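Letter by letter, the chains look like this.
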Amino acid sequence: MENQTIPRFAEVLLPRPLAGGFTYLIPEGMHALLRPGIRVLVQFGNRKIYSGIVLRLHDEKPEHHQPKAILEVLGPAIDDQRILQFWEWLASYYMCTPGEVMNVALPSRLKLESETQLFCPIEEEHWPGELSEAELEVLRLTRSNSETTLNDVVKFSGTGAVKLVRQLVDSGLLLIKESIKHQSLEKWVKVVRLRPDNDELIAGILSPTSRAKSQQNLLLAYYQIESTGQLVTREKLLEVSRASMSSLDALVEKGIFEIAEVKESSIIGRSGIQAYALTPAQNQALQQILDSFQRKRIALLHGVTSSGKTEIYVHLMKQVQQSGGQCLLLVPEIALTTQLIGRLRQFFGDQISLYHSRMTDRERTDVWESVRKAEPAGRLIVGARSALFLPYSDLRLVIIDEEHDPSYRQDAPNPRYQGRDAAIYLASLFDARVLLGSATPSIESYFNTQVGKYDLVELHQRYEGISLPTVEIIDLKATRKQGQLRGNFSHILLQAIEDALSRGKQSIIFQNRRGYAPRLVCTECGFIYMCQHCDITLTLHKAAQKLRCHYCGSEKSIPLTCSACGSTQLQLHGAGTEQIEDELTSYFPNARIERLDIDTARSKKRYQQLLTDMETGQIDILVGTQMVTKGLNFTKVEVVGVVNADNLLYFPEYRAHERAFQLLEQVAGRSGRSGQRGKVFIQTYTPQHPVLTHVCSHQYSDFYQWQATERREFHYPPYVRMIQLTLRHRDLKILQSAASQLAQSLTTISEISIIGPEFPPVARVSDYYRLRFLIKIPKNQSYLRIKNTLWYTCLSFFAHADYRRIRYTFEVDI
Ligand code: ADP
Ligand code: ZN
Ligand code: ZN
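One structure accompanies this document, and this report is about it. From a predicted model like this one, the values you see are computed outputs, not experimental measurements.

### Here's the deal with the overall build of the chain
Next up, step 1: A count of helices and strands for the chain gives 27 helices and 34 strands.
Next up, step 2: For 814 residues, the compact-globule estimate of 2.2 N^0.38 gives 28 Å, and the chain sits close to it at 30 Å.
Next up, step 3: Its C-alpha atoms give the chain principal-axis dimensions of roughly 95 × 80 × 70 Å.
Next up, step 4: When the 814 residues of the chain are sorted by exposure, 52% land in the buried category.
Next up, step 5: Of the contacts formed within the chain by residues at least 6 apart in sequence, a portion of 74% connects residues at least 24 apart.
Next up, step 6: Carbon and sulfur atoms make up 49% of the accessible area of the chain, which totals about 36,600 Å².

### Considerations on the sheet that holds strand β24 (residues 555–557)
Whenever strands of a sheet pair, they do so through backbone hydrogen bonds, lying parallel or antiparallel.
Next up, step 1: Taken in spatial order, the three strands make up an open sheet running β22-β23-β24, and their pairing is antiparallel. Edge positions in the sheet fall to β22 (539–541) and β24, since each of these pairs with one other strand and no more. Each neighbouring strand pair of the sheet contributes to a mean axis angle of 30°, computed without reference to strand direction.
Next up, step 2: The sheet contact formed by β22 and strand β23 (residues 546–548) spans three bridges and is antiparallel. Following the sheet pairing, Thr539 is matched in β23 by Arg548.

### What about the packing of aromatic side chains?
Next up, step 1: Applying the stated rule across the entire model yields 28 aromatic pairs.
Next up, step 2: Put simply, the rings of Phe86, Trp89, Tyr93, Tyr94, Phe389, Tyr417, Tyr425 and Tyr783 pair up and form one aromatic cluster.
Next up, step 3: Looking at Arg343, its charged tip hangs above the ring of Tyr276, at a distance of 4.1 Å from the centre.
Next up, step 4: Stacked on the ring of Tyr716, the Lys or Arg Lys776 has its end atom at 3.8 Å from the ring centre.

### As for the sheet that holds strand β4 (residues 48–58)
Next up, step 1: Spatially, the five strands line up as an open sheet ordered β2-β1-β4-β3-β5, and their pairing is antiparallel. Both edges of this open sheet fall to β2 (20–25) and β5 (72–76), since each of them pairs with a single strand only. Looking at each pair of strands side by side, their axes are set apart by 45° on average, direction ignored.
Next up, step 2: Sheet topology places strand β1 (residues 9–14) next to β2; six bridges connect them, and they run antiparallel. Bridged to Val12 within β2 is Phe22.
Next up, step 3: Strand contacts of helix α1 (residues 81–93): β1 and β4, with the helix running at about 105° to β4, the strand carrying the most contacts.

### Looking at the site of ligand 1
Next up, step 1: In the neighbourhood of ligand 1, 16 residues make up the surrounding shell, with Gln282, Ser306, Lys309, Thr310 and Asn633 lying closest.
Next up, step 2: Interatomic distance of 2.6 Å between a backbone N/O atom of Ser306 and an oxygen atom of ligand 1.
Next up, step 3: One nitrogen or oxygen atom from the side chain of Thr310 is found 2.6 Å from an oxygen atom belonging to ligand 1.
Next up, step 4: Starting from 560 Å² of accessible surface for ligand 1 in isolation, the protein chains cover 81%.
Next up, step 5: Per element, the largest residue contribution to the shell around ligand 1 is three residues, and it comes from helix α13 (residues 309–323).

### Looking at helix α16 (residues 419–429)
Along an α-helix, residues three or four apart share an orientation, since each turn contains 3.6 residues.
Next up, step 1: When you tally the buried positions in α16, you get eight out of 11 residues, the bulk of the element.
Next up, step 2: Within α16, burial applies to Gly419, Arg420, Ala422, Ala423, Ile424, Leu426, Ala427 and Leu429.
Next up, step 3: Where α16 is buried, its residues contact α1, β10 (298–303), β11 (326–330), β14 (395–400), β15 (433–438) and α17 (443–450).
Next up, step 4: Phi turns positive, to about 55°, at Asp431, one or two residues after α16.

### Description of the coordination of the zinc ion (ligand 2)
Next up, step 1: Around the zinc ion (ligand 2), the protein contributes the donor atoms Cys522 (SG), Cys525 (SG), Cys562 (SG) and Cys565 (SG), which lie 2.3 to 2.4 Å from the metal centre.
Next up, step 2: The site at the zinc ion (ligand 2) holds four donor atoms, and with the angles between them running 107 to 111°, its shape is tetrahedral.
Next up, step 3: Counting residues between consecutive donors of the zinc ion (ligand 2) along the chain gives the motif C-x2-C-x36-C-x2-C.
Next up, step 4: By relative accessible area, Cys522 is classed as buried at 1%.
Next up, step 5: Cys525 gets classed as partly exposed once you look at its relative accessible area, which sits at 41%.

### Describing the packing of helix α9 (residues 234–241) against helix α21 (residues 604–615)
Next up, step 1: The N-to-C vectors of α9 and α21 enclose an angle of 55°; their axes lie 9 Å apart at closest approach. By the angle class used here, α9 and α21 are oblique. For the pair α9 and α21, the crossing hand works out as right-handed. Contacts between α9 and α21 involve Glu235, Glu239 and Val240 on the former and, on the latter, Lys605, Gln608, Gln609, Thr612 and Asp613.
Next up, step 2: Here the contact of α9 with α21 is composed, by residue class, of one nonpolar, three polar and four charged.

### Observations regarding the environment of Ala277
Next up, step 1: The residue Ala277 is located in the loop between α11 (264–268) and α12 (280–295) in this model.
Next up, step 2: You can call Ala277 exposed: its relative accessible area is 72%.

### Some remarks on the nonpolar core
Next up, step 1: Judged by nonpolar contacts, the single largest core of 117 residues is most densely connected at Phe86, Trp87 and Tyr392.
Next up, step 2: Considering every element that reaches this core, the biggest residue donor is α1, with eight residues.
Next up, step 3: Apart from the residues lying within four places of it in its own chain, the contact partners of Phe86 are Leu388, Phe389, Ala422, Tyr425, Leu426 and Leu429.
Next up, step 4: One finds Leu278, Ala285, Phe347 and Val457 within the second-largest nonpolar core, a separate group that totals 32 residues.

### A few points about the coordination of the zinc ion (ligand 3)
Next up, step 1: Around the zinc ion (ligand 3), the protein contributes the donor atoms Cys531 (SG), Cys534 (SG), Cys549 (SG) and Cys552 (SG), at 2.2 to 2.4 Å from the metal centre.
Next up, step 2: Angles of 106 to 113° at the metal separate the four donor atoms of the zinc ion (ligand 3), which places the site in the tetrahedral class.
Next up, step 3: Of note, the donors binding the zinc ion (ligand 3) are all from one chain and are spaced C-x2-C-x14-C-x2-C.

### Quick look at the pattern of salt bridges
Oppositely charged side chains can pair when the atoms bearing their charge come close.
Next up, step 1: In total, this model carries 35 salt bridges according to the counting rule given.
Next up, step 2: Ionic pairing is found between Asp79 and Arg372, a salt bridge with its closest N-O pair at 3.0 Å. Taken as a pair, Asp79 in the loop between β5 and α1 and Arg372 in helix α15 (residues 361–372) lie far apart in primary sequence, 293 residues in all.
Next up, step 3: Residues Arg606 and Glu594 are paired through a salt bridge, measuring 3.2 Å at the closest nitrogen-oxygen approach. Here Arg606, found in helix α21, pairs with Glu594, found in strand β26 (residues 593–596); they are 12 residues apart in sequence, far enough to count as distant.
Next up, step 4: Assessed through its relative accessible area of 30%, Arg606 is described here as partly exposed.
Next up, step 5: Ionic contacts of the salt-bridge type, sharing partners, join the residues Glu403, Arg420, Asp421, Glu444, Arg655, Glu658 and Arg711 into one network.

Parameters and conventions
Residues numbered from 1 in each chain as written. Chains lettered and ligands numbered in written order. Predicted model: local features only at pLDDT ≥ 70, side-chain atom pairs only at ≥ 80, totals over all residues. Heavy atoms only, no water. Helix = DSSP H or I, 4+ residues; strand = E, 2+ residues; numbered from the N terminus. Rg over C-alpha atoms; globule rule 2.2 N^0.38 Å. Buried < 20%, exposed > 50% of the residue type's maximum accessible area, 1.4 Å probe, protein only. Contact = heavy atoms within 4.5 Å. Areas by Shrake-Rupley, 256 points an atom, 1.4 Å probe, with all protein chains shown as cover. Pairing = 2+ DSSP bridges. Axes fitted to C-alpha atoms, helices over the stretch in contact; angles between N-to-C directions. Phe/Tyr/Trp six-rings, centres within 6.5 Å; stacked < 30°, edge-to-face > 60°. Lys NZ or Arg CZ within 6 Å of the ring centre and 35° of its normal. Near = heavy atom within 4 Å. Polar contact = N/O pair within 3.5 Å; in protein donor to acceptor, adjacent residues only side chain to side chain. Donors = N, O, S within 2.8 Å, 3.2 Å for Na, K, Ca; no water. Tetrahedral: all angles 85-135°; square planar, octahedral: opposite > 155°, others 65-115°. Parallel < 35°, antiparallel > 145°, perpendicular 65-115°, else oblique. Left-handed = near helix turned anticlockwise from the far one by under 90°. Nonpolar A, V, L, I, M, F, W, Y, C, P; charged D, E, K, R; others polar. Core = buried A, V, L, I, M, F, W, Y, C linked by side-chain atoms within 4.5 Å. Salt bridge = Lys/Arg side-chain N within 4 Å of Asp/Glu carboxyl O.

What follows is the structure, given as structure tokens:
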């Protein structure tokens, strides 16, 4: 025994619920295959099998138990140590566990044991004779079903199965089929082509007297799509033309169109559209960015709406592509970025990969592998925040578009992190450059330019030199007094919409609430319909004929009489987008009005259709929630109306003014992007509000000065650091008692100041009451040390029997 070599161990990171590194024994012969970043199969407890990732190899034998051996090496998941370093940093910085990070980081195909497929390549007649009954069973199972997973085997043969599988794999009778290696099925798409020599027929259809309107639309749409350099797919053609399949069939019948099938990859491969020549202003900004990158790692591009930031990104990405390195373009929400992606596709074709959580696992795994191998398509990535976790090896540039956007933060579940800040850390590991872009930078990023941490590059001009829109503030109180208010609309705004309509221009009307009305109230007894599970009113949805809770999703049918007193005097208060749409329809019966919010744009297809219809001028007025504020670029929008700005301005949160300014400035930025100067109308009961004044002048720097002064004075970020600690429990009494006890414990940490415990604006959600602390930490204190103290204070506090069932979460840099 004494002469045996020391067994070596591996620390393996397992996913949630285990969430952490566990020690495993490395079996004989496996050493050569293992290194950090390799995916392995291990057993945990008696039954469960997980795939985990090797964090490190070591010789420290655990004191208290005999570790199990690693079952199987599955192959590499990560090649570059810096990626694991990034995961560990994220866990420690954002106060969660590495297992939780792994959970969001890996596509499920790479982490789930249930996905691991087994197969037997040998036919039964050639199996060796000495197999046990149990082994035969496993082999037959895998032969009978080519999709057999490890879990199936465990279910079928019980606990002993893992060892059995291991033996069968050893003897070569069973193979582990790595899902990654499966050939992806090439997707085929139908494309439409014009057949030659049909000029006369076509002229006939296009002639103004022709009555085949739908066929006319098809032809026009065809030319329109083709002029952008894209292949005309059947789907796109039907979408743009809004014609039916039968009209298309008719044109095929007539021999005008033909339909062919091509591989999907060949469509996007047909890029070839040149980068636009930059305007002098854009070119100057690009040069400044490049210069800045010589000196500093991070630059902020503050470019007004429609200044053409995308074009600058394209040029920078092109440079990285030519150098052979990797570039990540982060966007807040892929689903709301179709226009940007369309532009990148035009230019980069299939040399660019998308990555986000709504993709299928298969697609995500493919991108993962192509990034790991740094294949051409794995060098330019456009992704939502989950793209931060891809296995880069040569990251040179990270661009963060709309860096101010709140959706960069992951709220739930853990890891609760700020994607923009994490991206900056990731870039630092690779010594990569970072470009932050926004028309309305976050206070913290702009602050960083003021203290010299980032360079500031400004682009004050809109592309084509059009002025930023005029902004008119409409005082609702005065308007009402003068009898100039009709429903939710002032005469001025209605007049502007009418004007735009008469000249074939479009309008966007923004209301920050969906549904028909946010409150249903009994005028007899004052009863208000609330959610049974949350402390919030139910919103009436007219189309769905339901009262709905926007927090927990529960719903009920609309009552005819008051549930408290039986009266029929039920009244709606407030207005959501559904009502605004109805109202506009009654004012402008001939206008084409559509609504864009998550109720109408639940499916990607519907959303696309709305965008296309906006682009092709099939919509006159678009009503929507903040979905209409995000990055959309329509050339014919002249009027933007904000129905009521007040609920943005009075939100009880220290960032409320910042968010309100960003939203209003962004929605204003949708108007007048081409041709004529746009007009924005903001209705409000508080016309003197400073946020509105700043939106009127479009002077971001004035707005920043005002906010920065307030934040400094009242000790808010970026002048201090702030962590939010939230406690949740079903029982309010227990929660309150725990919170006040915890408040006691926290006061022992002398360097911090604490606000709370206090209820958030909605105190109860899905039957859980919530109490929160805001913890402010001066910048001259060690953040890491205080976070550690907080962590251990909470760990021991919530280990107490009375409080064990309380859930608690940290949000760092809130
Ligand atoms: P931003 O993101 O700054 O709001 P975009 O990148 O969406 O602005 O640009 C606004 C519009 O101007 C887009 O339609 C874009 O294609 C066009 N554009 C910007 N720069 C150029 C350029 N140099 N040449 C041609 N078109 C441009
Ligand atoms: Zn009542
Ligand atoms: Zn609810």
